[in-house]
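The chain contents come next:
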Amino acid sequence: MRDQLYINGEWVSPDLGGYLDVIDPATEQVLQRVAAGTEEDIDHAVRAARRAFDSDWGHTTGAQRAVWLEALADELQGSQDELATLEVHDNGKPLPEAQWDIGDAIACFRYYAGLARELDGRQDQPLALPDDRFRCRTRLEPIGVAGQIIPWNYPLLMAAWKVAPALAAGATVVLKPSELTPLTALELAGAADRIGLPAGVLNIVTGLGADAGSPLTLHPGVDKLAFTGSVPTGSKIMSAAASDIKNISLELGGKSAFIVFDDADVEAAVEWILFGIFWNQGQVCSATSRLLVQDNIAARLIERLVEETRKITLGQGLEPGVLLGPLVSRGQHEKVLGFVDQGVASGAKLLTGGKRPAHLSHGYFMEPAIFDEPAHNSIVWREEIFGPVLCVKRFKDEQQAVQMANASRFGLAAAVMSADPQRATRVANQLRAGIIWVNCSQPTFVEAPWGGMKHSGIGRELGQWGLDNYLEVKQVTEYVSDQPWGWYIK
Ligand code: NAD
């Protein structure tokens, strides 16, 4: 049991000595307590990260850092079963999903080990200039100390998406996990400790957003803020960053559309629609929560959707066959059920679900819900619910489908399903979102850029783009002519 902070390569008690309970959402029981970090702890962590950056770590080669990243991946791999089980208790997700997440987190560390090695070959690139009196080369240098704040829906995976590229680039890190799901991030610190990662390179400070997250965003020793979470918090973080001209990247919410044309295979569509909204209890930023169906297949498709939705097995995530666990917390449970009430009150037809299942009296469970034809301006059609709630509307033609999909303040993801590849390409190119899935929804690859347009965020994670978030580009321009410059002195 870890109830300490990991700062400067040591496990330390919080400065003010407070603790928070972590609840298992399937049982509503306290799983363990973790340290409630505050401004003082953040200050120690940022100073440690700065010292590490200014000493050896900031001068390591990519190849040297790759060895550390591989070692971290090996450590996580060695305890992947325990990590997956811990993730189930901490977050509520079904075990097969947790296993998938832990595997992806390990793969993320290995992938960025590869990019760290390649980075050495990208240094000191000559740049052709139109004036042969000068010679120019470019360098890619680590950004410094990164402050990283993550949400609760993919606890270890979100930590990996942030920590792996930062370390690959040569930055040092202070990571604040979500207060709801801090346990696997602390295990990541444990892995760093066991491999002997130099002190201060990775610091993990658990705590509340207001008490630990906010001081991290305001700390003058932080060069870069990387945030994943809700739009309102993202907006606060942008303001905090503005006051000190900090570099930021923001991965925020979504209300993504899934367009199904009448030439699509209905059974394949039903499968991907379910995966697009009920995976991870719908607590997915890129969940395709707005379904747009061409009107002539709508009745058949919706009937099959409701049929299959009712068959989804709910329960504690470690029980075999469970595909829908509890929502992450009491607050999230109340919030999502509140959205269902508002949907009903606004006149949308609730086709199935939306209530606590009769056989599960404990835990933050709810039956997956489908709303038919909510109004365009209703809250359930416009706002991110972040739970297992699908809203369906019909469209007549391609133009209307694109218009309805794009009529949102969010622009994280979208999906399109059609047997006509030309139409799918045409529609994909018109959708205003950072991630487009064709004939599927949700599969995510560490190689491909991740992030959104509009209120869904700023910047991209994963792939080369994820590494670039933690790199500064430097030019070194040299005067190589024998001739004097001759401006003032002729
Ligand atoms: P949240 O914004 O409530 O919290 C996210 C993190 O920010 C937590 O660690 C929290 O403690 C911290 N925080 C809260 N207030 C803060 C403050 N004032 N200053 C600094 N830090 C603060 O979000 P959440 O409920 O944890 O996560 C759900 C949201 O995350 C959804 O909107 C979802 O779409 C989004 N999300 C986006 C992506 C993406 O890649 N775009 C991925 C996962 C989740």
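Here the structure is a predicted model, which means the values were calculated and not measured. (Residues numbered from 1 in each chain as written. Predicted model: local features only at pLDDT ≥ 70, side-chain atom pairs only at ≥ 80, totals over all residues. Heavy atoms only, no water.)

Taken together, 3 strands build an open sheet; the order of strands is S5-S6-S22 and the sheet is antiparallel. On the outer flanks of this sheet lie strand S5 (125–127) and strand S22 (471–479), each paired with one strand and no other. Between one strand axis and the next, the sheet turns by 30 degrees as a mean value, whatever way the strands run. With 9 bridges joining them, strand S6 (residues 134–142) and S22 adopt antiparallel strand pairing. In the sheet register, Leu140 faces S22, and the bridge partner there is Val473. (Pairing = 2+ DSSP bridges. Helix = DSSP H or I, 4+ residues; strand = E, 2+ residues; numbered from the N terminus. Axes fitted to C-alpha atoms, helices over the stretch in contact; angles between N-to-C directions.)

What follows is about the packing of helix H9 (residues 266–278) against helix H10 (residues 295–310). Remark: H9 packs on H10, axes separated minimally by 10 Å, with the N-to-C direction vectors making an angle of 55 degrees. The angle between H9 and H10 places the two elements in the oblique class. As H9 runs across H10, the sense of the crossing is right-handed. Side by side, H9 and H10 meet where Val266, Glu267, Ala269, Val270, Ile273, Leu274 and Phe278 of the first sit next to Arg300, Leu301, Arg304, Leu305, Glu308 and Thr309 of the second. Residues that form the contact of H9 with H10 fall into these classes: 8 nonpolar, 1 polar and 4 charged. (Parallel < 35°, antiparallel > 145°, perpendicular 65-115°, else oblique. Left-handed = near helix turned anticlockwise from the far one by under 90°. Contact = heavy atoms within 4.5 Å. Nonpolar A, V, L, I, M, F, W, Y, C, P; charged D, E, K, R; others polar.)

We now examine the site of the ligand. Glu179, Ser230, Thr233, Leu252 and Glu384 are the nearest of the 27 residues found near the ligand. A distance of 2.8 Å is found between a nitrogen atom of the ligand and a backbone nitrogen or oxygen belonging to Leu252. Coverage of the ligand by the protein amounts to 89% of the 860 Å² it exposes when considered alone. Of all the elements in the fold, those that place two or more residues in the shell around the ligand are helix H7 (209–218), strand S10 (224–228) and helix H8 (231–243). Looking at side-chain class alone, the shell around the ligand contains 12 nonpolar, 10 polar and 5 charged residues. Structurally, the shell around the ligand is a two-domain feature, drawing no fewer than three residues from each of domain 1 (5–252 + 456–476) and domain 2 (257–438). (Near = heavy atom within 4 Å. Polar contact = N/O pair within 3.5 Å; in protein donor to acceptor, adjacent residues only side chain to side chain. Areas by Shrake-Rupley, 256 points an atom, 1.4 Å probe, with all protein chains shown as cover. Domains from an automatic or database assignment.)

Here the chain is partitioned into domain 1 (5–252 + 456–476) and domain 2 (257–438). Domain 1 and domain 2 are separated by 31 Å when their C-alpha centres are compared. If you look at the interface, domain 1 gives 24 residues, while domain 2 gives 31 residues. A combined buried area of about 2,300 Å² lies between domain 1 and domain 2, and 60% of that area is made up of carbon and sulfur atoms. It is Glu28, Trp152 and Ser456 in domain 1 that bury the most area against domain 2; as a group they hold 24% of the surface buried on that side. Remark: the boundary between domain 1 and domain 2 carries 2 salt bridges. Here Glu28 and Arg330 are joined by a salt bridge, their closest N and O atoms 3.1 Å apart. At the boundary of domain 1 and domain 2, one finds 11 residue pairs in polar contact (both at pLDDT 80 or more). Every element with two or more residues in the side of domain 1 that touches domain 2 is listed here: helix H3 (80–91) and helix H4 (95–121). (Buried area = accessible area lost by both parts, 1.4 Å probe. Salt bridge = Lys/Arg side-chain N within 4 Å of Asp/Glu carboxyl O.)

Angle between the axes and distance between the axes: these two values describe a pair of packed helices. Following both chains from N to C, one finds H4 and helix H5 (residues 155–169) inclined at 10 degrees, their axes separated by 9 Å at the closest point. In terms of orientation, H4 and H5 fall into the roughly parallel class. Contacts between H4 and H5 involve Asp101, Ile102, Asp104, Ala105, Cys108, Phe109, Tyr112, Ala116 and Leu119 on the former and, on the latter, Leu156, Leu157, Ala160, Trp161, Val163, Ala164, Pro165, Ala168 and Ala169. In terms of residue class, the contact of H4 with H5 is made up of 16 nonpolar, no polar and 2 charged.

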